[in-house]
Amino acid sequence: MDESVALDALADTLTRLSTNSYSVDLHVQHIRLAKSMDDKDQLLVALEMATNYMAAPDDIWLPLIDAKTAASDVNTPEGALEVLDVYSKAELDYMSFSILQKHLEFLVDRHEYFSELEVEPDNLGELFSDSWTREAMSSIVSKGAGDISQSHVLWDQYYNWELEKLEKASTDEKPLLTNGIEEILLARLQQPHANHQDTYQLYSSFTTAHKPASEYESLLISASKLRSRAVKAYEKREASEMALAAAGHSLDAYATYIAAERRRRDPDYFILCGLYERGLAEASRRQFAGELGAERTLQIFWVGYIDFTNSQGQSVELWQRATRSAPGSGEVWARYIRFLERVQESEINEDEMDASKNENIGVAYTRALSTTLFTRGRKSDAEVDADQIVPLVLARAGAEKRAVEAGRDDGDGLTTLIKVVEDGIAMVRQASSSGDPRFRLEKFLSEFYLSLADVPDAAVQLWASTAAHYRSSWAAWVAYTDVLIRTDHHDLARKTFQDMSTKNLDYPEALWDAWHNFEHAHGSLSSLEEAINKITQAGAQLETRRAREAEKAYAAAAAQYAEQQAASVLAASVPATGAAQGSALVVSEAMDVDISAPADTKGKRKVEEELPVTETSGGKKPRLETPPVSLKRDRENCTVFVADLPSEATEADLKALFKDCGDIRDIKFTRMPETLVATVEFYDRDSVPAALTKDKKRIHETEIGVHLAWRSTLYVTNFPEKFDDTSIRDLFGQYGLIFDVRWPSKKFKATRRFCYLQYTSPSSAERALELHGRELEPDRAISVLISNPERKKERSDADANERELYVAGLSKFATKEDLRKVFETYGPIKEIRLAEDKSGQPKGFAFIDFESEMDARAALAANNHELKNRRIAVTFTDSRVRAKNKEGMAETGLGRRADARNRSVRVRNIPSGTQEGLLHQLLEKHSLVKRTEIFAALNEAVVELENPAEAGKLLLRTEPIMLNGNVLQFSEEHAGPSRSQPVAPPPETRGMFVPRAAGSRPRAGLGRARKPGATQTTSSAQLPEQQGNKGQDDFRKMLG
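Residues numbered from 1 in each chain as written. Predicted model: local features only at pLDDT ≥ 70, side-chain atom pairs only at ≥ 80, totals over all residues. Heavy atoms only, no water.

Going by the annotation in an unreviewed UniProt entry, the name recorded for the chain is U4/U6 snRNA-associated-splicing factor PRP24, with Suillus luteus UH-Slu-Lm8-n1 given as the source organism. What UniProt records for the chain under Subcellular location (unreviewed entry) is the sentence "Nucleus". (UniProt positions renumbered as here; feature names shortened; annotations may be inferred.)

Here it is in structure tokens:
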């Protein structure tokens, strides 16, 4: 940038800062201009100006600290104190590990310098003495202790300094220092942190070196008990910490983490406060970096932090930090004013009032307005959020009102109250074009006029000006007519209803209902009938206008839908030209979770299903006529998702909303903790474009959202194997409200690892696409795609069974690279998964996914190959593809069915609608599960474990296992049907041949006589008259 241009821009920025000193954008611009001019002095001025007006992140403070350290003579007590003062101010703004670590290093360095001086400065005093330094370092470490993932960085530095002091101490000093370090270690063990095992090892080493050997075991046992709670606390949050790191410490990830902690039955104060501090620091850093939404997130974090700490008591320092960090948050200022009001009422917190320098409510309110963040000077200026103005004004006015009612005002309370609210209303109307559609300030002042002040005409005048300002708002006109009715101005109310009944309001039906109710209550028969006639006429005009708007919207939606269909057909018609294209298609298309009907495994078809043969026009070759295919239920393309429904919405409301769109097949409501949603399935996909035009319509005066269900659904795969439903929800919950997560059944293929995740809005799904390609583990990039039914494969894992091999008998020294060298000779390998136990040791088997079925079949030749001095076994993974066990006997000596039953457990009391995948995930945490099958009609499941010992572990478990509030009940799996199923009577054979079961077939060879009673089981099922001798005719009948 040219120097003259830069100087002009700098002057303009400084001019604007003089009138808007609390604008982060202007301060960032000032700093950027100073850097571009390469003027260090100007840069320091810009940095200091920013920190004078608002809290700043470490990016701003670190250059200031370096500059102050360089400019001060830190070898003198005065110079060192100047630098320490800058550190204190910086640490008061936000928790920054960079600043805290730099502060620790400065303390250690200055302590060492002053300790080595032969003659101490006269004014040094206790500064940088051992006790002073120890207390200062302990305070710094405590500021960072809330970050359970990184706090060990600071603590280790402090601990090493203490050990160094102990080693240099004299014999007389060592006992006291030893006890102090032991207390530090024990206190640390009781804090949740990432490397708690390392801390425990430090305590063990310290005890060995500095405690009597006879006390070692008892001290370690006591320390183990002390740390158990902290270890559990961290382990509960380890997945959340990993998700936070995987998300790049995004603000959405912090919000999700905080929300999960707040939902706990007994939130951990230490962890949650630390989490808020980390989130605030990250939000500030991103705000100064110019990230959209960071400022609003910062305000939300402060509001949540203040509300959470309210029950524990709040210091004035916290309020000073909050108002300095979020000066434009009306919610923060409102809470601060209510805090001051509580202090004044209680008259017991005199120390806090002294600490706040006698700032009263009026001064705090004036200080908030002086930021100019709540006012809009000109219409050309950016709009101000009215939702930040209203809480601030209501808090100030409410405090004044309560003071007047309690007789604590100074005599001008009523005048002050009216002025505060009237000025607030003016600020709201000037702040934005929409103002406050809820009229909160107007309602507060109106009620004050009608009750406390008893000036009803003032209330009428207030609502008249409100209705005039919000001309198209039905709520404003209904409120105006309501106050006219309350003050007995019935004629004026009727005239207002008549004038406004035909105006273009945002929701005229509400005004008509109010008019109708008014005439019933206060009108005559003629006025009632006149009102009904005018309402009917106005309704007809409104329907005509809405019909025209709907027709235009339908045409636009249909055109867009047609374009999408044409694009999808065009994409589907492009042929793949090679393996590379085929593999790319697998990545870009989503799978369908619905299980299609099983194919005819015998490869036969019935006679009536054969295709008719006709001649072609040339008469040379016959061709097959394909009969018309029966229409399949198309849920994906026939279903719309309805969000943001009012809590009282019913099925009749939705049927009325979509009555002109088409025939509805099914409506399902889902009541979530925060909202009510529904899915509406039509019989015909052509009904969907018309249904989409209902987006932004109102039900019971609440605006709803309507979109295609698949637009808010993601297909997620290739996530870490340890991820379960909770991990997925934690990772994706940062992008919006999750409606459902659907997991595949592992009944036939235990290695399936994908899920379908549906949000309540498409925007959330689009934001979550940023996770696509992110490595949550080394060399494993997660795949996140919109589950578009027009682009999905028929089944991406339809032939996965034929492409995946199971390799057993591996040496514990075999690695993935060893397997790749052996099997990549047969063809391209998609993935190799080497099974490991909880300690990371190989289990001796692996799964290998090939790109093609042909290569996988060729790789079966590696069976019995020698690898690391072990012969490996290679088969297909799926038991339905793997060669059958001809012996039919397992290692237990039992048949396959008996062996499976011996290691299976029946689970009862399963909640209705439970997914097999979720039950599988839950039980995997307690035993090694092989497969799970749910019987929905019985609310039961059969779980097959890896071995009988694992089954016994579940059966003998004393602690209950909960699933959605239900306590699961476990029992042995017996042969035959469940007790809840009636045993069927033996079938009537009517002389036909009945095959014997394998277990009851006599072991009689050729030429050997059968023992009497060998056919007892079979013959006992026959009727007496069917047990006679049979001839050749009967034998021919048996053969058919």
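I tried to follow the pattern of salt bridges on my own but got confused; where do I start?
Here the idea is simple: oppositely charged side chains can pair when their charged atoms come close. Under the defined criterion, the tally for this structure stands at 54 salt bridges. The closest approach of N and O atoms between Asp-307 and Arg-335, which form a salt bridge, is 2.7 Å. With Asp-307 in helix H14 (residues 294-309) and Arg-335 in helix H16 (residues 330-346), this residue pair connects regions lying 28 residues apart in the sequence. Using a relative accessible area of 15% as the deciding quantity, one classes Arg-335 as buried. Residues Arg-857 and Glu-853 are paired through a salt bridge, measuring 3.2 Å at the closest nitrogen-oxygen approach. Placement of both Arg-857 and Glu-853 in helix H35 (residues 853-859) is noted, with a separation of four residues, approximately one turn of the helix. Overlapping salt bridges, with partners in common, bring together Asp-58, Glu-282, Arg-285, Arg-286 and Glu-291 in one network. (Salt bridge = Lys/Arg side-chain N within 4 Å of Asp/Glu carboxyl O. Helix = DSSP H or I, 4+ residues; strand = E, 2+ residues; numbered from the N terminus. Buried < 20%, exposed > 50% of the residue type's maximum accessible area, 1.4 Å probe, protein only.)

Explain the packing of helix H20 (residues 413-431) against helix H21 (residues 440-452) here, please?
A pair of packed helices is captured by two measures, namely the crossing angle of their axes and the spacing between those axes. Where H20 meets H21, the axes come as close as 9 Å, and the angle between the chain directions of the two elements is 150 degrees. In terms of orientation, H20 lies roughly antiparallel with respect to H21. The two elements H20 and H21 cross, and the hand of that crossing is left-handed. Taking contact as the criterion, the partners of Leu-414, Leu-417, Ile-418, Val-421, Glu-422, Gly-424, Ile-425, Val-428 and Arg-429 in H20 are, on H21, Leu-441, Glu-442, Phe-444, Leu-445, Phe-448, Tyr-449 and Leu-452. Grouping the amino acids of the contact of H20 with H21 by side-chain chemistry returns 12 nonpolar, one polar and three charged. (Axes fitted to C-alpha atoms, helices over the stretch in contact; angles between N-to-C directions. Parallel < 35°, antiparallel > 145°, perpendicular 65-115°, else oblique. Left-handed = near helix turned anticlockwise from the far one by under 90°. Contact = heavy atoms within 4.5 Å. Nonpolar A, V, L, I, M, F, W, Y, C, P; charged D, E, K, R; others polar.)

In this structure, what is going on with the sheet that holds strand E10 (residues 738-742)? I would like to understand it.
The strands making up a sheet are joined through hydrogen bonds of the backbone, oriented either antiparallel or parallel. The four strands are arranged E10-E11-E9-E14 in an open sheet whose pairing can be described as antiparallel. The two strands at the open ends of the sheet, each matched to only one other strand, are E10 and strand E14 (783-786). Averaged over neighbouring strand pairs, the angle between their axes works out to 20 degrees when direction is ignored. Strand direction decides the pairing type here: strand E9 (residues 713-717) and E14, joined by four bridges, are antiparallel. From the neighbouring strand, Val-716 faces E14, where its bridge partner is Val-784. Each of E9, E10, strand E11 (754-759) and E14 is contacted by helix H31 (residues 725-732), which is oriented at about 145 degrees to E10, the strand it contacts most. (Pairing = 2+ DSSP bridges.)

Just checking my understanding: could you explain the side chain of Thr-256 for this structure?
Summarising the element assignment, Thr-256 is placed in helix H12 (residues 251-262). Residue class for Thr-256 comes out buried when judged on its relative accessible area of 15%. Excluding residues that lie within four positions of it along the chain, Thr-256 makes contacts with Asp-730, Gly-733 and Gln-734.

Would you mind showing me how to read the packing of aromatic side chains here?
Between two aromatic rings, the relevant description is the distance of the centres plus the angle of the planes. Enumeration according to the criterion identifies 31 aromatic pairs in this entry. Between the aromatic rings of Phe-114 and Phe-128, the centroid separation amounts to 5.3 Å while the plane-to-plane angle is 15 degrees, which identifies the pairing as stacked. Taken together, the residues Phe-114 in helix H6 (residues 97-116) and Phe-128 in the loop between H6 and helix H7 (130-144) connect sequence positions 14 residues apart. By relative accessible area, Phe-114 is classed as buried at 2%. Here Tyr-806 and Phe-847 contribute two aromatic rings whose centre-to-centre distance is 5.7 Å and whose plane-to-plane angle is 50 degrees, an arrangement assigned as tilted. Taken together, the residues Tyr-806 in strand E15 (residues 804-808) and Phe-847 in strand E17 (residues 842-850) connect sequence positions 41 residues apart. On the accessibility criterion, Phe-847 (16% relative accessible area) is buried. Among the aromatic residues, those joined into a ring-pair cluster are Tyr-113, Phe-114, Phe-128 and Trp-132. The lysine or arginine in question, Arg-227, covers the ring of Tyr-200, its NZ or CZ lying 4.2 Å from the ring centre. (Phe/Tyr/Trp six-rings, centres within 6.5 Å; stacked < 30°, edge-to-face > 60°. Lys NZ or Arg CZ within 6 Å of the ring centre and 35° of its normal.)

Can you help me understand the sheet that holds strand E5 (residues 676-682) in this one?
Taking strand neighbours across the sheet as the criterion, the four strands line up as E4-E5-E3-E8 in an open arrangement whose pairing is antiparallel. One side of each edge strand has no neighbouring strand; the edge strands of this open sheet are strand E4 (664-671) and strand E8 (705-708). This sheet shows a mean twist of 20 degrees between the axes of neighbouring strands, independent of strand direction. Inspection of the sheet shows E4 paired to E5 by seven bridges, in the antiparallel sense. Among the inter-strand pairings, Arg-671 is bridged to a residue of E5, identified as Leu-676.

It is not clear to me how the environment of Gly-290 should be interpreted in this structure. Could you clarify?
Counting through the fold element by element, Gly-290 comes out in the loop between helix H13 (269-288) and H14. For the pair Gly-290 and Val-24, spaced 266 residues apart in the sequence, the C-alpha separation amounts to 9.0 Å.

Any chance you could explain the nonpolar core here in plain terms?
It is characteristic of soluble globular proteins that their nonpolar side chains tend to be buried jointly. Among the nonpolar cores identified, the biggest contains 98 residues, and Trp-302, Ile-389, Val-421 and Tyr-480 are the most heavily contacted of them. When sequence neighbours within four positions are dropped, the list of residues in contact with Tyr-480 reads Val-460, Trp-463, Ala-464, Ala-467, Leu-492 and Thr-496. Ranked by size, the runner-up nonpolar core spans 54 residues in total, among them Val-24, Ile-60, Leu-104 and Phe-106. (Core = buried A, V, L, I, M, F, W, Y, C linked by side-chain atoms within 4.5 Å.)

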